[in-house]
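Analysis of the macromolecular model
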Amino acid sequence: MSTSLLEIRNITMQFGGVTAIDDLSFKVDTGDIYGLIGPNGAGKTTIFNIITGNYYPTKGEIYFDDNDITGTKPNHIVTKGIARTFQNIRLFKSMSVLENIMIGFHQRTNYSYPEAILRFPRYFQNEKRIKTEAMGILEEFGIADYANNAATALSYGNQRKVEIARALATQPKLLLLDEPAAGMNPIETEDLSNIIHKIKKDYDLTVLLIEHDMKFVNAMCNKVTVLDYGEMIFEGKPADAIVDEKVVSAYLGDFTHA
Amino acid sequence: MKILSNIIVKLLLILAAILFISYSQQSLDSYTLGILNNIGIFAILALSYNLINGVTGQFSLEPNGFVAIGAYMTAILLIPADTKSDMYALVDPAPVILHMHSGFLMALIFSGLAAMLVAMLLSFPVFRVRGDYLAIVTLGFGFIIRIFAMNSPAYTNGAMGLNDIPDSANFLWIGGIAVVTFVVMLNVISSKFGRAMKAVRDDEDAAAAMGINTFKIKTTAFMTSAFFEGVGGGLLASFLTTISPDQFSFLMTFQLLIIIVLGGLGSMSGALLATILVMGSMEWLRFLDSDIVIFGHHTGAHPGMRMVIFAVLLIIMMLFARRGLFGDQEFGDLIKKLFSRRRNS
């Protein structure tokens, strides 16, 4: 029985003459924490942008829950149950932490524009509900105390948490994390991996993540795909990846012809 | 309990506004009332312009276009048919112009709807671009409306403009609609739509990644803004009783831009206060144009001196309050902050 949640089928992405992704296929099964690794410029973030509808692939299809979602607009992708974080943290700067999370509830807030202007009871009910739910998520991440602080006033590690919490507020089935541990110290990284494990269990998530920190990947992922120049050079367990000859040569250079 | 006291405070504020408006209309002299009317109209325009420019962060330069649409719509609807056929001197008015007639309230609503419809159509080309390009595209629209008004005498009487517009707009109308605009804008901002607009301003890609249809949100803000600009234009036409294409030049947009930047982009309270300061000081600084005696020394009359002083004041204000008078906060936020600070100390 196939339980794959996300299936990348023969994706090719060309920017002008440059082939960023070359005929890439892989499957992410329900319940996986799937790692996507590779040297800089290997095309990892490009894959994320294709999945979330920011780019339209030159060739190939993306299947999510057995539906073709190739070329669906980013805001519709969210409705289907895929949420993402960004490589460089992109919080809404003018808003408080709580408001940032409440943005994640946008699609599940049920009142119309006239109802908002005329302040119908539905406005108050919905606002109260999403505020409570947003606080619940913040508590889960241990940052409820900062709810009314400006989002950008938080420490780097906490800003990361807000970004993940915000993605979680959209109620995704699949969470895409783009270098979640980048720029973190070992303690923060440890804290982050605990949180990812916890929310994965509590919210029944499947996670696809990009990461350079191999220790983190080793501890987190049950499966990895290694990309180099847009091609898959390895697929399997993370422990096998770091001893694979092709992977090592992609990162450190090819010594055989030296 | 907290919600209830909030509602009571808001009702009291609205009651105070109503009392002020009706008192002013009955008791103030026509000069002061004229200034108040001017402030009221510009408050409506600045508040609505702030929604698209400040809150949603789309640097657009078109309000003069929407104001012109609203003004012409109201003028055409209010002027009686036989007056129109006399007034259109260049060519005969189009038959549809002669048939259009309505009461004042309907004229204002139609003005708003007309501007809103144009905004809806305009949003398709406009929101394909971002940033500086958006500014240029919307600027072009403002020019097109004015040139259209200038060159289609069968509808707008060309450069001669429209005169003898019935002056139905008193301070009850203007002040009342300004209050309504203020309340509507605050309600929009503190709803999920307002949050989405701010999200689009802060980071459009991240907003889309949160499931916000950014085009729809921008169009919503644009159309809301256009509606009230159209209504404001209608009030302006009826208040001035005469309009011509030259009134709706880029200078009007520029004045509104000064107001919302001074007040703080994204702050409705700021826009309101800045309107009072900018429109008011144009009048209050009038004494500078005349001969002033300083320690027995006569400066002599310098017409235009007030504009110089006004510009200097603007520069000083922007130096000391770089994000505008209010930043992106409202009256309520500031009062809350003041109280919490007092409690802490």
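About the thresholds
- Residues numbered from 1 in each chain as written.
- Chains lettered and ligands numbered in written order.
- Predicted model: local features only at pLDDT ≥ 70, side-chain atom pairs only at ≥ 80, totals over all residues.
- Helix = DSSP H or I, 4+ residues; strand = E, 2+ residues; numbered from the N terminus.
- Rg over C-alpha atoms; globule rule 2.2 N^0.38 Å.
- Contact = placed C-beta atoms within 7 Å.
- Core = buried A, V, L, I, M, F, W, Y, C linked by C-beta atoms within 7 Å.
- Buried ≥ 20, exposed ≤ 12 C-beta atoms within 10 Å, placed from the backbone.
- Pairing = 2+ DSSP bridges.
- Axes fitted to C-alpha atoms, helices over the stretch in contact; angles between N-to-C directions.
- Domains from an automatic or database assignment.
- Nonpolar A, V, L, I, M, F, W, Y, C, P; charged D, E, K, R; others polar.
- Parallel < 35°, antiparallel > 145°, perpendicular 65-115°, else oblique.
- Left-handed = near helix turned anticlockwise from the far one by under 90°.

1. Comments concerning the overall build of chain B
When its secondary structure is counted, chain B shows 16 helices and 2 strands. Taken over the C-alpha trace, chain B has a radius of gyration of 21 Å; the compact-globule value for 345 residues is 20 Å, and the two agree within 12%. Its C-alpha atoms give chain B principal-axis dimensions of roughly 70 × 70 × 40 Å. Of the contacts formed within chain B by residues at least 6 apart in sequence, a portion of 81% connects residues at least 24 apart.

2. Describing the nonpolar core
All names here are of chain B. Core analysis: the largest hydrophobic core is formed by 164 residues, its most contacted members being Ala46, Ala75 and Leu235. For this core, the leading source of residues is helix H2 (residues 30-55), giving 13 residues. In this structure, alanine 75 is in contact with Leu162, Ile165, Ala237 and Ile243, ignoring residues within four places of it in sequence.

3. Let's talk about the sheet that holds strand S6 (residues 82-84) of chain A
Residue and element names in this part refer to chain A. Strand order in the open sheet formed by 6 strands is S6-S7-S8-S3-S9-S10, with mixed pairing between adjacent strands. The strands lining the two open edges of the sheet, one partner per strand, are S6 and strand S10 (231-236). Averaged over neighbouring strand pairs, the angle between their axes works out to 15 degrees when direction is ignored. Pairing geometry for strand S3 (residues 33-37) and strand S8 (residues 206-210), over 4 bridges, is parallel. Counted as the bridge partner of tyrosine 34 is leucine 208 from S8. The sheet contacts of helix H1 (residues 44-51) involve S3, S6, strand S7 (174-178), S8 and strand S9 (223-228), and relative to S7 the element is tilted by about 145 degrees.

4. Considering the domain arrangement of chain A
Residues and elements named next belong to chain A. Looking at chain A, the domain boundaries give domain 1 (1-81 + 172-258) and domain 2 (93-170). Between domain 1 and domain 2, the C-alpha centre-to-centre distance is 28 Å. Facing 13 residues of domain 1, the contacting portion of domain 2 comprises 11 residues. For the side of domain 1 that touches domain 2, the secondary structure elements donating two or more residues are helix H2 (74-80), S7 and helix H7 (186-203). Class assignment for the residues of the side of domain 1 that touches domain 2 results in 10 nonpolar, 2 polar and 1 charged.

5. Here's the deal with the interface of chain B and chain A
If you look at the interface, chain B gives 21 residues, while chain A gives 26 residues. Broken down by secondary-structure element, the contributors of at least two residues to the side of chain B that touches chain A are helix H9 (171-189), helix H10 (192-202) and helix H11 (204-209) of chain B. Here the element with the most residues in the side of chain B that touches chain A is H10(B); it accounts for 7 residues.

6. Considerations on the packing of helix H3 (residues 97-104) of chain A against helix H5 (residues 121-140) of chain A
Residue and element names in this part refer to chain A. One way to put it is that H3 packs onto H5 with a least axis distance of 9 Å and a crossing angle of 110 degrees. If you check the angle between H3 and H5, you find them roughly perpendicular. When the axes of H3 and H5 are compared, the crossing they make is right-handed. Seen from H3, the contacting residues are Val97, Leu98, Ile101 and Met102; seen from H5, they are Ile130, Lys131, Ala134, Ile137 and Leu138. Of the residues in the contact of H3 with H5, the class split is 8 nonpolar, no polar and 1 charged.

7. Regarding the pairing of S9(A)
Residues and elements named next belong to chain A. With 4 bridges connecting them, S3 and S9 associate as parallel partners. Following the sheet pairing, isoleucine 37 is matched in S9 by valine 226. Relative to S10, S9 runs antiparallel, the two being bridged by 5 bridges. Paired with valine 226 across the strands is phenylalanine 234, a residue of S10. Linking S9 back to S10 in an antiparallel pair, the connection comprises 2 residues, with tyrosine 229 at a positive phi of about 50 degrees.

8. Here's the deal with the environment of B:Val200
Residues and elements named next belong to chain B. Along the polypeptide, valine 200 turns up in helix H10. Valine 200 gets classed as buried once you count the C-beta atoms within 10 Å, which come to 25. Separated by 17 residues in the primary sequence, valine 200 and isoleucine 217 place their C-alpha atoms 8.2 Å from one another. Those residues within four positions of valine 200 in sequence are excluded, and the remaining contacts are Thr56, Gly57, Ala207, Ile212, Thr214, Ile217 and Lys218.

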